[in-house]
Number of protein chains: 2
Amino acid sequence: MVSALQQHIQKFVRIPDEDMSGILACFTPLHLKKKENLLAEGNVCHANYFVVKGCLRMFYINDKGDEQTIQFALENWWMADYDSFTHQKPGLFSIQAVERAEVLALHYQAQEKMLAQYPVMERYYRLMHQRAHAASQRRIRGQYNFSREDQYLNFARQYPEFVQRVPQYLLASFLGFTPEYLSEIRAKRRS
Amino acid sequence: MVSALQQHIQKFVRIPDEDMSGILACFTPLHLKKKENLLAEGNVCHANYFVVKGCLRMFYINDKGDEQTIQFALENWWMADYDSFTHQKPGLFSIQAVERAEVLALHYQAQEKMLAQYPVMERYYRLMHQRAHAASQRRIRGQYNFSREDQYLNFARQYPEFVQRVPQYLLASFLGFTPEYLSEIRAKRRS
């Protein structure tokens, strides 16, 4: 299970073999059932999660009492409530497995120990967060620039596999649509 | 001018005095006039910018030909088009001084050299990007959750000084309002 993470780390930084096993030992493997929760809103986010297999989503309960999905993570992506994780204080988000998933958890204390022992991992995480920062700039641009229909079409073009895998009502929530509106767009596209 | 950056770095990481001067020497000080451009859409973002004094904004030209502001940076914030900066390829955003500004630029090559020589700075930038990542999660949550009026009120509560300093038409653009709609909300609040 750790080999996916090992390959991912090696794409971004060079790590001697003897250090790699020490680094990988810092992670806790988790097997999640579909809809199993990793984190509940209002609790402290104790770990940063790397998706080996499956899909996670991040959501919160909105004023109407509905779950509002704000982010997904597929294979090779990291997910955490970073405000909660950084300051180890109660957070604003829940994290749940969309489908059966294999995840590697890096707990806060394990991370601090790992970064002290293997500072090269600071570079890996710097690059991960920089990439996420760039993605959020593109996402915010898209939210201003495109109609809701265009946002869906862009998303479907960028992540075709994803649109197939994720239940439609979750995709609709993420895009800020009703499931009915999403069905309409898809029907229009097929016709 | 570098002392603001030195203080900021020392808040996050411990650096021996003899290394600090080497680190600070990697930055290029810039004095910008009001409305001076640091980066134009379609060009490569050559540097990551730290605001010592003043305010920067990031924007793009939308389909209607209007400038759409997506981000501001006040004192002690970093700003760059991170996709363009990371891959040194043409980017999607422009960066401009909102008011007279003093900025420290860390050019791409200077960054790579600095990080190789002072790897502790990987930790500093990891923490900066992690903080920005957390802020974008909160921002995206707010965009789903709040009415446009509430988004303004939240923003004004969180950054009162900012709302005073930034021209109203830029603030309106950032919030996705027309300037007229922003005036209406402000008038309603005063009454």
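Per chain, residues are indexed from 1 in the order of the written sequence. The lettering of chains begins at A and the numbering of ligands begins at 1, in the order of writing. Two thresholds apply to this predicted model, a pLDDT of at least 70 for residue-level local features and 80 or more for giving and counting side-chain atom pairs, whereas whole-chain, interface and lining totals are computed over all residues. Remark: hydrogens and water are excluded; side-chain values derive from all non-hydrogen atoms of the structure.

*Asks:* How should the relation of the copies chain A and chain B be read in this particular structure?
*Replies:* Relating one copy of the chain to the other requires a rotation about an axis plus a shift along that axis. The copies were overlaid by least squares, fitting only the C-alpha atoms of residues that reach a pLDDT of 70 or more in each copy. Once turned by 180° and shifted 0.0 Å along the axis, chain A lies on chain B with an RMSD of 0.0 Å. Between the two chains, the operation in question is that of a two-fold axis. When C-alpha positions in chain A are compared against the rotation axis, the closest is assigned to R126 of chain A, at 1.9 Å. The contact rule is simple, with two residues in contact once any of their heavy atoms fall within 4.5 Å. The fraction of interface residues of chain A whose copies in chain B are also interface residues reaches 100%, indicating that both copies meet through the same surface.

*Asks:* What am I meant to see in the environment of F85 of chain B here?
*Replies:* A run of H or I in DSSP becomes a helix once it reaches four residues, and a run of E becomes a strand once it reaches two; helices and strands are each numbered from the N terminus. Checked against the element boundaries, F85 of chain B lands in helix α3 (residues 82-87). On a C-alpha basis, the gap between F85 of chain B and A47 of chain B in space is 6.7 Å, while along the polypeptide they are 38 residues apart. Those residues in contact with F85 of chain B that lie beyond four places of it in its chain are Q130 of chain A together with C45, H46, A47, N48, L106, H107, Y108 and Q111 of chain B.

*Asks:* Explain the UniProt feature "domain: Cyclic nucleotide-binding" (unreviewed entry) in chain A to me, please; I cannot follow it from the model alone.
*Replies:* Cross-referencing UniProt, the feature "domain: Cyclic nucleotide-binding" (unreviewed entry) maps to residues 11-115 of chain A in the present numbering. The distance separating the terminal C-alpha atoms of residues 11-115 of chain A is 18 Å; by composition the span is 23% helix and 39% strand. UniProt positions are given in the numbering used here, feature names are shortened, and annotations may be inferred rather than shown by experiment.

*Asks:* How do you make sense of the sheet that holds strand β1 (residues 28-32) of chain A when you look at a structure like this?
*Replies:* All names here are of chain A. Pairing in this open sheet of 4 strands is antiparallel, and the strands run β1-β8-β3-β6 from one edge to the other. Edge positions in the open sheet fall to β1 and β6 (78-79), since each of these has one partner strand only. Think of it this way: DSSP has to see at least two bridges between two strands before they count as a pair. Where β1 and strand β8 (residues 101-107) come together, 5 bridges link them in antiparallel fashion. Looking at β8, one finds that L32 is bridged to A101. Here an axis means a line fitted to C-alpha atoms, over the contact stretch when the element is a helix, while the angle between two N-to-C directions is reported on a 0 to 180 degree scale. Lying on the sheet, helix α1 (residues 2-12) is in contact with β3 (47-53), β6 and β8; it crosses β3 at an angle near 105°.

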